[in-house]
Amino acid sequence: MHPGRLKVHGRAFTHIADFVPELTALRRDLHAHPELGFEEHYTAKRVVEALKVCGVDEVHTGIGKTGVVAVVRGRRNSSGRMLGLRADMDALPMTEHNDFAWRSTKPGLMHGCGHDGHTAMLVGAARYLAETRNFDGTAVLIFQPGEEGYAGAKAMIEDGLFERFPVQSVYAMHNWPQMRPGTVGINRGAMMAAADRVTIKITGKGGHGAHAYLAVDPVLVAAHIITAVQSIVSRTVRPIDGAVISLCAMQAGDPGAFSVLPGEATLVGTVRTFSPAVQALVERRLNELCSAVALGFGATASVHYERIYPATINTPDEAQFAADVAQSLLGRDHVDREMDPSMGAEDFSFMLQVKPGAYLRLGQGGEGSCFLHNSRYDFNDEVLPLGAALHAGLVEYGMPLGDD
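Residues numbered from 1 in each chain as written. Predicted model: local features only at pLDDT ≥ 70, side-chain atom pairs only at ≥ 80, totals over all residues. Heavy atoms only, no water.

### Brief notes about the overall build of the chain
Regarding its fold elements, the chain presents 11 helices and 16 strands. Relative to its length of 404 residues, the chain is compact, with a C-alpha radius of gyration of 24 Å against a globular reference of 22 Å. Considering only C-alpha atoms, the chain reaches an extent of 85 × 45 × 40 Å along its principal axes. Residues classed as buried in the chain amount to 56% of the 404 residues present. Across the chain, the fraction of contacts at a sequence separation of at least 24, relative to all contacts at a separation of at least 6, is 82%. When the accessible area of the chain is evaluated, it comes to approximately 17,100 Å², of which 52% is carbon and sulfur surface. A gap of 1 Å separates the mean positions of the 36 positive and 45 negative side-chain charges of the chain. (Helix = DSSP H or I, 4+ residues; strand = E, 2+ residues; numbered from the N terminus. Rg over C-alpha atoms; globule rule 2.2 N^0.38 Å. Buried < 20%, exposed > 50% of the residue type's maximum accessible area, 1.4 Å probe, protein only. Contact = heavy atoms within 4.5 Å. Areas by Shrake-Rupley, 256 points an atom, 1.4 Å probe, with all protein chains shown as cover. Lys, Arg positive; Asp, Glu negative; His and termini not counted. Charge placed at Lys NZ, Arg CZ, Asp CG, Glu CD.)

Below, the structure written as structure tokens:
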């Protein structure tokens, strides 16, 4: 596909379309060299090289371990405003099953979520902004490590990101294969759920499978807990409040010892919620229910509840602004302002806890496309100039020149 097939308005898209081949080459190079969270040394090096070629004013490295921040100053700075744009850089611990030339060169590692594309789009925005500087203020471009379970956004914040670069607002976008190219989705509230990890340890009394009456079987207890836990959402959480509890793994006994009842069993799973109140309710009911079920069988159960990522909640004004910018590029019919939130999680949520901002979905696929975290996924290079132009538009509309 070619960027000319996208119906996009505005000088930013036209300008960026001229250097799409360079962005595509960068994106595919990053795809071929995936790196896990806080190990993005090659990626960060390539980003720094590209930013220097772009002519940004400042490049800062090592923020949040492997994070990179670029600064671009506008033609004027009478507004004193500072706006942040964020892209994630890390890959996933999965094996790629594609056969194109830029497939992963590292066994067991893959850019299966499109962070290679996100990084290239923000580099494209950096080049455009540095070449045109059609804004009044300072653009801060944040290349974040470790989004995939490492809380890289939190690491950058704890490393002084917003003290060093005190933006008034911050924005991010993520590709979405279920939406066609040339579309954007957003809403004025929750975009992604909180992601929590649950570990349930059940202690019974081991014994011989032929003499189960002399034991307290933790496998049986685990089975009842797995079933009972599903009543929490259906019978405790209001239907209008979203929540998911999934117990995804169980460990108990030895498969080679078919007649031995183990003394312990462990369940591991995840809880997804949008509101802190529902999150607290689910945590409390898990503790109560697991303990009560285990007690009924003469066993004990303990619940370790870890809050990993908070929910990604857009602030209303910034979400409306971002939607307006997207509409200026794509037209009203191509921007979904009431997009349903996802039960997936995103560590941009940490940034939105401390700064106003918004998280957008960028269409890149449509029917038949591989979804995120699929071993045959690949980012659609057709949308590189659109994503870069949308980043640039947030800067130009958010910090406009007085005569523009």
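### Considerations on the UniProt feature "domain: Peptidase M20 dimerisation" (unreviewed entry) in the chain
Within this numbering scheme, the UniProt entry marks residues 197–279 as carrying the feature "domain: Peptidase M20 dimerisation" (unreviewed entry). Within the segment residues 197–279, helix and strand shares are 27% and 37% respectively, and the terminal C-alpha atoms sit 12 Å apart. (UniProt positions renumbered as here; feature names shortened; annotations may be inferred.)

### Section: the nonpolar core
In this structure, Leu 129, Leu 141, Phe 143 and Met 351 are the most contacted members of the largest nonpolar core, which totals 95 residues. Top contributing element to this core by residue count: helix H4 (residues 115–132), with 9 residues. When near neighbours in sequence (up to four residues on either side) are disregarded, Leu 141 contacts Val 68, Val 69, Ala 70, Val 72, Leu 85, Leu 122, Ala 126 and Leu 129. Ile 202, Val 221, Ala 222 and Ile 245 belong to the second-largest nonpolar core, a separate cluster that totals 27 residues. (Core = buried A, V, L, I, M, F, W, Y, C linked by side-chain atoms within 4.5 Å.)

### Focus on the sheet that holds strand E10 (residues 243–252)
Read across the sheet, 4 strands follow the order E10-E12-E8-E13 without closing on themselves; strand pairing throughout is antiparallel. Of all the strands in the sheet, the pair left with one neighbour each is E10 and strand E13 (300–309). On average, adjacent strands in this sheet sit at an angle of 20° to one another, irrespective of strand direction. In this structure, strand E8 (residues 194–203) lies alongside strand E12 (residues 264–273), joined through 10 bridges in antiparallel fashion. Its bridge partner lying in E12, Ala 194 is registered against Thr 273. Sheet strands in contact with helix H7 (residues 218–235) are E8, E10, E12 and E13, and its direction is about 175° off that of E10. Running over the sheet, helix H8 (residues 276–296) touches E8, E10, E12 and E13 and is turned about 160° from E13. (Pairing = 2+ DSSP bridges. Axes fitted to C-alpha atoms, helices over the stretch in contact; angles between N-to-C directions.)

### Topic: the environment of Gly 64
Within the fold, Gly 64 resides in the loop between strand E1 (58–63) and strand E2 (67–73). When its relative accessible area of 3% is taken as the criterion, Gly 64 is described as buried. In sequence terms Gly 64 and Ile 200 are 136 residues apart; their C-alpha atoms lie 32 Å from each other. In this view, Gly 64 contacts Phe 38, Pro 145, Ala 155, Met 156 and Asp 159; residues no more than four positions away in its chain are not counted.

### Observations concerning the pairing of strand E4 (residues 138–144)
Burial runs high along E4: 7 of the 7 residues are buried. The alternating pattern of E4 places Thr 138, Val 140, Ile 142 and Gln 144 and Ala 139, Leu 141 and Phe 143 on opposite faces, both of which are buried. As paired strands, E2 and E4 are joined by 6 bridges and run antiparallel to one another. What sits directly across from Val 71, in E4, is Val 140. Here 7 bridges tie strand E3 (residues 82–88) to E4, and the two strands are oriented parallel to one another. Within E4, the residue paired with Arg 86 across the bridge is Ile 142. Traced from E3 through H4 to E4, the parallel crossover comes out right-handed. (Right-handed = clockwise from strand over helix to strand, strands pointing away.)

### A closer look at the side chain of Asn 175
Residue position: Asn 175 is located in strand E5 (residues 169–176). Within the structure, the side chain of Asn 175 is placed 3.0 Å from the backbone oxygen of Cys 113, a separation counted as a polar contact. Engagement of the side chain of Asn 175 in a polar contact is seen with the side chain of His 118, the distance being 2.9 Å. Setting aside anything within four residues of it in sequence, one finds Asn 175 in contact with Cys 113, Gly 114, His 118, Leu 362, Gln 364, Leu 372, Tyr 377 and Phe 379. (Polar contact = N/O pair within 3.5 Å; in protein donor to acceptor, adjacent residues only side chain to side chain.)

### Here we look at the sheet that holds E2
Strand order in the open sheet formed by 8 strands is E1-E2-E4-E3-E5-E16-E6-E15, with mixed pairing between adjacent strands. This sheet does not close on itself; its edge strands, each paired only once, are E1 and strand E15 (335–336). Packed onto the sheet, helix H3 (residues 41–54) meets E1, E2 and E4 and runs at close to 10° relative to E2. Strands in contact with helix H9 (residues 316–330) are E5, strand E6 (184–185), E15 and strand E16 (357–363); relative to E16, the strand with the most contacts, it is inclined by about 35°.

### Some thoughts on the side chain of Asp 90
When you line up the elements, Asp 90 lands in the loop between E3 and H4. Here Asp 90 occupies a buried position and makes no salt bridge, while the nearest side chain of opposite charge, Arg 86, is found at 7.0 Å. A polar contact of 2.8 Å, which involves the side chain of Asp 90, links it to the backbone nitrogen of Glu 148. Residues within four places of Asp 90 in sequence aside, it is in contact with Glu 35, Leu 36, Gly 37, Glu 40, His 111, His 115, Gly 146, Glu 147 and Glu 148. (Salt bridge = Lys/Arg side-chain N within 4 Å of Asp/Glu carboxyl O.)

### Topic: a nonpolar patch on the surface
A cluster of nonpolar side chains, contributed by Val 219, Ile 226 and Met 250, occupies part of the molecular surface with about 210 Å² of accessible area. Position of Val 219 relative to the elements: it lies in helix H7. The class for Val 219 is partly exposed, based on a relative accessible area of 32%. (Patch = residues over 30% accessible without salt bridge, like charges linked within 9 Å, V, L, I, M, F, W, Y side chains within 5 Å.)

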